[in-house]
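Descriptive structure summary
One-letter residues, chain by chain:
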Amino acid sequence: MPALARLNERCSRTFMTQKLRGQSPLLHKLCLFVLALCLALPAHAEGFITRLLNKPVPGGVAVIDLGNPAQAPKVRYQGKPVLTVHEDSKRWIAIVGIPLSVKPGTQQIEVEGGQKLSFQVGAKHYTEQRITIKNQQQVTPNAANLKRIERELAEQTRAYQQFSARQPSNLMFDRPVNGPLSSPFGLRRFFNGEERNPHSGLDFAANRGTPIKAPAAGKVILIGDYFFNGKTVFLDHGQGLISMFCHLSEIDVKLGDEIARGGHVGKVGATGRATGPHLHWNVSLNDARVDPAIFIGAFKP
Ligand SMILES: [Zn+2]
């Protein structure tokens, strides 16, 4: 539902409730004021998806207006295909994942036909986290484990690079588990004092066995039991928008399964490199791991 229609509906509901109670409709006046403000905005004003997702920082998302051509424009960023969505039936938008490694400044997307569109990436400070791991192999793996890690990384990278034609069922994701957010995305991590890759996802504190639900509809494109990630499920939501859930105690889906929004995926655990039971959730767009908090309205600038 378009944002304006949603606001209208909320206003009329509030008004009706207040009329029934016989109270002064102060809130209704406020609603009318906001409504007037909305109507005063220019026709190209941002839609709901843009406002929700446009966080153009390293590890964030850039939403770029593509105008309103008859066909869905084909867009690439850093040579990789990009998710495009028709917003509010008014305009096409490109939803671009910005890798954590990108430096603040000007970036470009390429639209089929040769057009280049620029966007600005702002700065974001990510804090440090120091973790003690009992198993030193998980900090400085031996040659055999390094070989395994390399193989598993290649397999998971191939999954992130898949680009299916489907439209995501929803871009405002549901939380995959009930539980407070713990480690945020992008933390610079030091394991036993040694710096390793930054935190590629968002952690939820949850007990072992807590059910994990699909934040949007998706197809199971990879299942594994990995050195670092433990028991892992990849869900393809469409057009390069991919969720990864790891450290599971149990995987309850099979490769190729189509999972509905809210469908059961598995259970929270502590398999792989984990200090205790929690859910680690990655969200990837055009093969860039981005902050999942953006998609659940919990992004902190
Ligand atoms: Zn994590």
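Please refer to the structure placed before this passage.
Now for a description of the structure that goes with this document.

Reading guide: rules and limits
Residues numbered from 1 in each chain as written. Predicted model: local features only at pLDDT ≥ 70, side-chain atom pairs only at ≥ 80, totals over all residues. Heavy atoms only, no water. Helix = DSSP H or I, 4+ residues; strand = E, 2+ residues; numbered from the N terminus. Buried < 20%, exposed > 50% of the residue type's maximum accessible area, 1.4 Å probe, protein only. Contact = heavy atoms within 4.5 Å. Core = buried A, V, L, I, M, F, W, Y, C linked by side-chain atoms within 4.5 Å. Domains from an automatic or database assignment. Pairing = 2+ DSSP bridges. Axes fitted to C-alpha atoms, helices over the stretch in contact; angles between N-to-C directions. Phe/Tyr/Trp six-rings, centres within 6.5 Å; stacked < 30°, edge-to-face > 60°. Lys NZ or Arg CZ within 6 Å of the ring centre and 35° of its normal.

Here we come to the overall build of the protein chain. From N to C terminus, the protein chain includes 4 helices and 20 strands. Within the protein chain, the fraction of its 301 residues that count as buried is 46%. Contacts in the protein chain between residues at least 24 apart in sequence constitute 67% of all its contacts with a sequence separation of at least 6.

So, on to the nonpolar core. Soluble globular proteins tend to pack their nonpolar side chains together in the buried interior. Core analysis: the biggest nonpolar cluster contains 42 residues, and Leu-53, Val-61, Ile-95, Phe-245, Leu-279 and Phe-295 have the highest contact counts within it. The element contributing the most residues to this core is strand S19 (residues 278-285), with 4 residues. Of the domains in this structure, domain 2 (48-121) and domain 3 (128-296) are the two that each give at least three residues to this core.

With that settled, consider the sheet that holds strand S1 (residues 61-65). By way of backbone hydrogen bonds, the strands of a sheet pair with one another, either parallel or antiparallel. Across the sheet, 3 strands lie side by side as S1-S5-S4; this open sheet has antiparallel pairing. The open sheet has two edge strands with one neighbour each: S1 and strand S4 (83-87). Strand-to-strand, the axes of this sheet are offset by a mean angle of 30°, without reference to chain direction. With 5 bridges joining them, S1 and strand S5 (residues 91-97) adopt antiparallel strand pairing. Paired with Val-61 across the two strands is Gly-97, which belongs to S5.

This paragraph deals with unusual backbone geometry. The phi dihedral of Gln-78 is positive, around 55°, even though this residue is not glycine. Here Gln-78 is to be found in the loop between strand S2 (75-77) and strand S3 (80-81). Gln-78 sits in the partly exposed class, given a relative accessible area of 48%. Phi is positive for His-247, which is not a glycine, with a value near 70°. Turning to its location among the elements, His-247 is positioned in strand S15 (residues 241-248). By relative accessible area, which is 5% here, His-247 ends up buried.

This part covers the packing of aromatic side chains. Inspection of the entire model under this criterion finds 7 aromatic pairs. Judged by centre distance (6.1 Å) and plane angle (75°), the ring pair of Tyr-126 and Phe-185 falls under edge-to-face. Here Phe-185 lies in the loop between helix H4 (143-160) and strand S9 (188-191) and Tyr-126 lies in the loop between strand S7 (115-121) and strand S8 (128-131), a separation of 59 residues in the sequence. On the basis of an interplanar angle of 25° and a centroid distance of 5.2 Å, the ring pair of Phe-173 and Phe-295 is categorised as stacked. Here Phe-173 is found in the loop between H4 and S9, whereas its partner Phe-295 is found in the segment after strand S20 (288-290), with 122 residues between them in sequence. Each member of the pair, Phe-173 together with Phe-295, is buried. By way of ring pairs, the aromatic residues Phe-173, Phe-204, Trp-281 and Phe-295 are connected into one cluster. Across the ring face of Phe-190, the terminal group of Arg-130 is positioned such that the distance to the ring centre comes to 4.1 Å.

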